[in-house]
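Examining the three-dimensional arrangement
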Amino acid sequence: MFKAKKEIKRFENKIWLSSPTMHGDEIKYVTEAYETNWMSTVGQNINEVERLSAEYVGCKYAVALSAGTAALHLCTKLAGEKLYGMPKANEGALQGRKVFCSDVTFDATVNPIAYENGEAVFIDTERDTWNMDPAALEKAFELYPDVKLVVLVHLYGTPAKIDEIKAVCDRHGALIIEDAAESLGASYKGKQTGTFGDYNAISFNGNKIITGSSGGMFFTDSREDAEKVRKWSTQSREAAPWYQHEEIGYNYRMSNVIAGVVRGQLPYLDEHIAQKKAIYMRYKEGLKGLPVKMNPYDEKNSEPNFWLSCIIIDEDAMCKQVRSGQDVAYIAESGKSCPTEILEKLAEYNAEGRPVWKPMHAQPVYRMNAFITAQGNGRAKTNAYIEGGCEDVGMDIFQRGLCLPSDNKMTAEEQDVIIEIIRSCFE
Ligand SMILES: *Cc1c(COP(=O)(O)O)cnc(C)c1O
């Protein structure tokens with residue numbers, strides 16, 4: 001029998017995954033920078049965004065930087081020097097040392113370890129929040145007891161199992177770098193992410209929940225660390241009448257123009273979170289009855305910022321999908337679907353989704369790095385998802401999961417159409 005389908009019209013204006021949402025104050029502060037000629041890496045906008053963001057997350061010091069990646073890099077340098085002392089000339093702060101790191105994430109989380117000649121060891125993901133698995137982390141310390149540093153991400157704005165991770169780190173005397181780039185405004189047991197680590201970073205990149213078009217921030221309660229980061233970020237100038245340098249420096253300071261955009265954005269963080277949460281809840285409701293689940297979070301202990309809404313398709317509702325290094329193919333099947341089919345269908349209607357971050361252990365650039373699952377060495381099991389064994393949790397989430405359009409300017413009506421499109425994939 002023929003089923004009359006409701007016709008879905010292509011969106012006239014593209015529905016984005018997550019695009020900047022401006023409010024008007026941004027241009028006011030940018031203009032102020034221009035008109036007062038503070039067009040450099042010094043100025044009132046920088047002072048204000050540092051003050052406002054430290055106050056918001058509840059830490060003593062914030063240092064505004066050119067990018068989240070720059071913040072993470074300087075976190076890595078601080079940690080390396082604290083653990084191993086000042087590096088020798090031509091050596092990195094982590095020189096040859098292993099660092100445990102979240103696996104399902106953007107590569108900006110991991111690259112700073114390589115910048116400092118360290119070696120990332122990837123820790124598998126748990127299913128409750130899609131973040132670092134404390135059990136796999138414990139296993140990693142059994143295998144590499146000398147490791148003293150962990151880089152922890154809160155994926156898509158969902159806080160990780162912070163208490164459990166911290167307990168494992170404390171037991172092994174390891175420091176934590178917290179990558180809260182995606183989770184600004186998210187909290188865990190009432191405390192903001194970006195304040196749990198020994199060193200903390202956030203990002204103001206163009207698609208984050210608050211943006212300066214670019215930019216990042218380092219958070220700390222240590223005055224000494226804040227001063228070091230500020231100095232390193234401005235080419236490590238000493239307090240001398242001429243350009244005196246005793247250490248290697250970086251050009252990582254935030255521009256006062258960029259800071260003007262961030263300054264205009266920050267008062268809208270809570271509004272953005274409320275919009276993102278409404279989008280998440282609307283998907284959750286609208287997708288009921290389909291063989292999919294939303295990206296999960298600890299409803300009792302955490303409040304995500306809901307930066308991106310994601311789904312994962314039930315195993316038995318997956319049609320066949322094969323991904324190689326650069327290509328993908330799938331075989332459509334009635335009643336079933338896969339991330340590729342949904343992403344292609346969304347694109348067809350002028351809406352933008354995205355695959356879940358491909359796990360770092362599966363990236364060619366990190367193919368030689370160790371990968372530890374809750375069961376032990378994960379390199380032996382990287383293809384387990386094919387058999388449905390799924391011990392490689394990160395790869396399983398990558399295969400079955402996708403990020404949905406989560407733009408906070410998307411209307412409820414537009415989102416209903418997105419939901420309709422996803423539903424049509426399972427017909
Ligand atoms: C965006 C992002 C970064 C990097 O921030 P930039 O400001 O783009 O340098 C780091 N880690 C994660 C998890 C991110 O999503």
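Preceding this paragraph is the structure being described.
Residues numbered from 1 in each chain as written. Predicted model: local features only at pLDDT ≥ 70, side-chain atom pairs only at ≥ 80, totals over all residues. Heavy atoms only, no water.

**Comments concerning the overall build of the chain**
A count of helical and extended segments in the chain gives 12 helices and 18 strands. Compactness check: the chain gives a C-alpha radius of gyration of 22 Å against a globular reference of 22 Å for 427 residues, within 12% of the reference. With the C-alpha coordinates aligned to their principal axes, the bounding extent of the chain is approximately 85 × 55 × 40 Å. Across the 427 residues in the chain, those meeting the buried criterion constitute 55%. Of all intrachain contacts in the chain linking residues separated by at least 6 positions in sequence, the fraction that spans at least 24 positions is 69%. For the chain, the computed accessible surface area is about 18800 Å², with 50% contributed by carbon and sulfur atoms. Here the chain carries 49 positive and 61 negative side-chain charges, and the mean point of each set is 1 Å from the other. (Helix = DSSP H or I, 4+ residues; strand = E, 2+ residues; numbered from the N terminus. Rg over C-alpha atoms; globule rule 2.2 N^0.38 Å. Buried < 20%, exposed > 50% of the residue type's maximum accessible area, 1.4 Å probe, protein only. Contact = heavy atoms within 4.5 Å. Areas by Shrake-Rupley, 256 points an atom, 1.4 Å probe, with all protein chains shown as cover. Lys, Arg positive; Asp, Glu negative; His and termini not counted. Charge placed at Lys NZ, Arg CZ, Asp CG, Glu CD.)

**Let's talk about the site of the ligand**
Taken together, 16 residues lie around the ligand, and Thr69, Asp179, Glu182, Ser203 and Lys208 are the ones closest in. Between Glu182 and the ligand, the recorded distance is 2.5 Å, taken from a side-chain N or O atom to an oxygen atom. For the ligand, an oxygen atom lies 2.9 Å from a polar atom in the side chain of Asn205. Protein chains shield 94% of the accessible area of the ligand, which is 380 Å² for the free molecule. In terms of residue count, helix 3 (residues 68-84) provides more of the shell around the ligand than any other element does, three residues in total. Grouping the constituent residues of the shell around the ligand by class yields six nonpolar, seven polar and three charged. (Near = heavy atom within 4 Å. Polar contact = N/O pair within 3.5 Å; in protein donor to acceptor, adjacent residues only side chain to side chain. Nonpolar A, V, L, I, M, F, W, Y, C, P; charged D, E, K, R; others polar.)

**A short note on the packing of aromatic side chains**
Tallying each qualifying case throughout the model produces 11 aromatic pairs. Taking the centre distance of 5.0 Å and the plane angle of 25 degrees together, the rings of Phe106 and Trp357 count as stacked. Of this pair, Phe106 sits in the loop between strand 2 (98-102) and helix 4 (111-115) while Trp357 sits in the loop between strand 15 (354-355) and strand 16 (371-373), placing them 251 residues apart in sequence. For Trp357, a relative accessible area of 15% corresponds to the buried category. A cation over a ring is seen here: Lys77 above Trp232, with NZ or CZ 4.9 Å from the ring centre. In this arrangement the basic side chain of Lys191 is found over the ring face of Phe196, its NZ or CZ atom lying 5.0 Å from the centre. (Phe/Tyr/Trp six-rings, centres within 6.5 Å; stacked < 30°, edge-to-face > 60°. Lys NZ or Arg CZ within 6 Å of the ring centre and 35° of its normal.)

**Notes on the nonpolar core**
One broad trend across soluble globular proteins is that nonpolar side chains are buried collectively. Of all hydrophobic cores here, the largest spans 36 residues; its most connected members are Val49, Trp130, Tyr156, Leu184, Phe204, Met217 and Met254. When residues of this core are traced back to their parent elements, those giving at least two are helix 2 (44-57), strand 1 (61-65), strand 9 (216-220), helix 8 (256-265), helix 9 (269-286), strand 12 (310-313) and helix 11 (393-400). With four residues, helix 2 is the single largest residue contributor to this core. Discounting chain neighbours no more than four positions away, the residues touching Met254 are Thr41, Ile46, Val49, Ala64, Leu65, Ser66, Phe204, Gly215, Gly216, Ala259 and Val262. Membership of the second largest hydrophobic core comes to 32 residues, among which are Ile279, Tyr280, Tyr349 and Ile418. (Core = buried A, V, L, I, M, F, W, Y, C linked by side-chain atoms within 4.5 Å.)

**Considering the pattern of salt bridges**
Taken as a whole and assessed by the stated rule, the structure comprises 24 salt bridges. With a shortest N-O distance of 2.7 Å, Arg253 and Glu50 are connected by a salt bridge. With Arg253 in the loop between helix 7 (223-233) and helix 8 and Glu50 in helix 2, this residue pair connects regions lying 203 residues apart in the sequence. The pair Arg253 / Glu50 is uniform in exposure class, with both members buried. (Salt bridge = Lys/Arg side-chain N within 4 Å of Asp/Glu carboxyl O.)

**What about the sheet that holds strand 4 (residues 149-153)?**
One open sheet holds the nine strands; their spatial order is 1-9-8-5-4-2-3-16-17, and the pairing between them is mixed. Bordering the open sheet on either side are strand 1 and strand 17 (376-377), each of which pairs with just one other strand. Examined bridge by bridge, strand 2 and strand 4 share two bridges and lie parallel to one another. Opposite Phe100, over in strand 4, you have Val150 as the bridge partner. Along the sheet face, helix 2 touches strand 1 and strand 9 and points at about 130 degrees away from the line of strand 1. Contacting strand 1, strand 8 (199-203) and strand 9, helix 7 runs over the sheet at an angle of about 15 degrees to strand 1. (Pairing = 2+ DSSP bridges. Axes fitted to C-alpha atoms, helices over the stretch in contact; angles between N-to-C directions.)

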